[in-house]
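One letter stands for each residue in the lines below.
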Amino acid sequence: MNEHFYEDEEYAFESRKKNSGRLNARVLVLNQSYEALSICSVKKALTLLFLGKAEMTSFDNRKVIRSISREFPWPSVIRLKKYVSVPYKQVILTRRNVLKRDGYKCVYCGRGDLPLTVDHIIPKARGGMDTWENLICACTKCNNKKGNRTPHEADMKMLHKAYEPNHIMFIKNSVSKIDENWKPYLFVNEITDYPQ
Ligand SMILES: [Zn+2]
């Protein structure tokens, strides 16, 4: 792929005007370390590419950006050329954020259509703490079934582990559908143990 495409700013501005609606589509921005950093619009991604501040990591081959005489690959993932140090804010531990982290689905049965509660994996009465690692989204049915037992004692399998969420969770939640090209960068630290 020819990265010098993006140095031609005149073409870029032309195509921006013509495709202004589509250029609001989302692009995943990676830090220089390949860590997912944020998302931006295609327009913003093109600017970073033109200015030489980022390089194209993946593009969407079903779409192109057209100018009068040329076509440009449609960016899907870009990577910053310089490392950016970002002090991420911690996500506050609340009932709502636990449900949000778990995608509003019961971690034991996977259902999202029943009333949801926050379950202590190790029950509170047995020393379980209010921490990200000990709180999980559970439907009322599973929560009642589990009672004052650990998942192991109740013979209930968890579909994923409880973890402290970070900015990646918010990247995932801010788009309705995650681009296939984004997945290698968004699911690296997660245990996905969903039954087939
Ligand atoms: Zn359940």
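Residues numbered from 1 in each chain as written. Predicted model: local features only at pLDDT ≥ 70, side-chain atom pairs only at ≥ 80, totals over all residues.

### Regarding the overall build of the protein chain
Then, number 1: The secondary structure content of the protein chain amounts to 7 helices and 6 strands.
Then, number 2: Secondary structure elements in the protein chain, listed N-terminal to C-terminal, are α-β-β-α-β-β-α-β-β-α-α-α-α.
Then, number 3: Going through the 196 residues of the protein chain one by one, you find that 24% of them count as buried. (Helix = DSSP H or I, 4+ residues; strand = E, 2+ residues; numbered from the N terminus. Buried ≥ 20, exposed ≤ 12 C-beta atoms within 10 Å, placed from the backbone.)

### What about the environment of leucine 99?
Then, number 1: With respect to the helices and strands, the residue leucine 99 is situated in helix H3 (residues 95-101).
Then, number 2: Leucine 99 sits 18 residues away from threonine 117 along the chain, and the two C-alpha atoms are 8.1 Å apart.
Then, number 3: Contacts of leucine 99, omitting those with residues within four sequence positions, involve Tyr104, Leu116 and Cys137. (Contact = placed C-beta atoms within 7 Å.)

### Examining the nonpolar core
Then, number 1: Grouped together as the largest cluster of nonpolar side chains are 18 residues, with contacts concentrated most on Val27, Leu28, Leu30, Ala45, Leu49, Val77 and Ile78.
Then, number 2: Those elements that place two or more of their residues in this core are strand E1 (26-30), strand E2 (36-41), helix H2 (42-50), strand E3 (54-66) and strand E4 (71-80).
Then, number 3: In terms of residue count, the dominant contributor to this core is H2 (5 residues).
Then, number 4: If near-sequence neighbours (up to four positions away) are discounted, leucine 28 is found in contact with Ala36, Ile39, Val77, Trp182 and Tyr185.
Then, number 5: The next biggest cluster of nonpolar side chains, apart from the first, holds 12 residues, and it includes Val98, Leu116, Ile121 and Cys137. (Core = buried A, V, L, I, M, F, W, Y, C linked by C-beta atoms within 7 Å.)

### Some words on the sheet that holds E3
Then, number 1: Sheet architecture is open: 4 strands sit in the order E2-E1-E4-E3, paired in mixed fashion. The open sheet is flanked by E2 and E3, the only strands paired with a single partner. Pairwise comparison of adjacent strand axes, ignoring direction, gives a mean angle of 35° for this sheet.
Then, number 2: Pairing of E1 with E2, which is carried by 5 bridges, proceeds in the antiparallel orientation. (Pairing = 2+ DSSP bridges. Axes fitted to C-alpha atoms, helices over the stretch in contact; angles between N-to-C directions.)

### Remarks on H2
Then, number 1: Every buried residue of H2 is accounted for by Val42, Ala45, Leu46, Leu48 and Leu49. Taken around the axis of H2, the buried residues stretch over an arc of 160°, which confines them to a single face.
Then, number 2: The positive-phi residue at the C-terminal boundary of H2 is glycine 52, with phi of around 75°. (Arc of directions from axis to C-beta.)

### Regarding unusual backbone geometry
Then, number 1: One non-glycine residue, tyrosine 34, lies in positive phi territory at about 75°.
Then, number 2: In this structure, tyrosine 104 is a non-glycine residue whose phi angle is positive, near 55°.
Then, number 3: Residue placement: tyrosine 104 occurs in the loop between H3 and strand E5 (116-120).

### Focus: the confidence of the model for the protein chain
Then, number 1: With 83% of its residues at a pLDDT of 70 or more, the protein chain shows a mean pLDDT of 82.
Then, number 2: Of the regions scoring below 50 in pLDDT, residues 189-196 engages in 7 contacts with residues more than four places distant in sequence or in other chains. (pLDDT = per-residue confidence, 0-100.)

### A look at the environment of serine 76
Then, number 1: Residue placement: serine 76 occurs in strand E4.
Then, number 2: Using a count of 22 C-beta atoms within 10 Å as the deciding quantity, one classes serine 76 as buried.
Then, number 3: When the C-alpha positions of serine 76 and leucine 28 are compared, they lie 6.4 Å apart, and in sequence the two are 48 residues distant.
Then, number 4: Apart from the residues lying within four places of it in its own chain, the contact partners of serine 76 are Val27, Ser58, Phe59, Asp60, Asp179 and Asn181.

### A few points about the pairing of E3
Then, number 1: With 9 bridges connecting them, E3 and E4 associate as antiparallel partners. Across the sheet, isoleucine 65 pairs through a bridge with phenylalanine 72, a residue of E4.
Then, number 2: Where E3 folds back on E4, the antiparallel hairpin that results is connected by 4 residues.

### What about the pairing of E1?
A regular strand carries its side chains on alternate faces of the sheet.
Then, number 1: Counted residue by residue, E1 has 5 buried out of 5 residues, so it is predominantly covered.
Then, number 2: Going residue by residue along E1, you find Arg26, Leu28 and Leu30 tucked away on one face and Val27 and Val29 tucked away on the opposite face as well.
Then, number 3: Counting the residues between successive antiparallel strands, the hairpin from E1 to E2 contains 5 residues, one of them, tyrosine 34, with a positive phi of roughly 75°.

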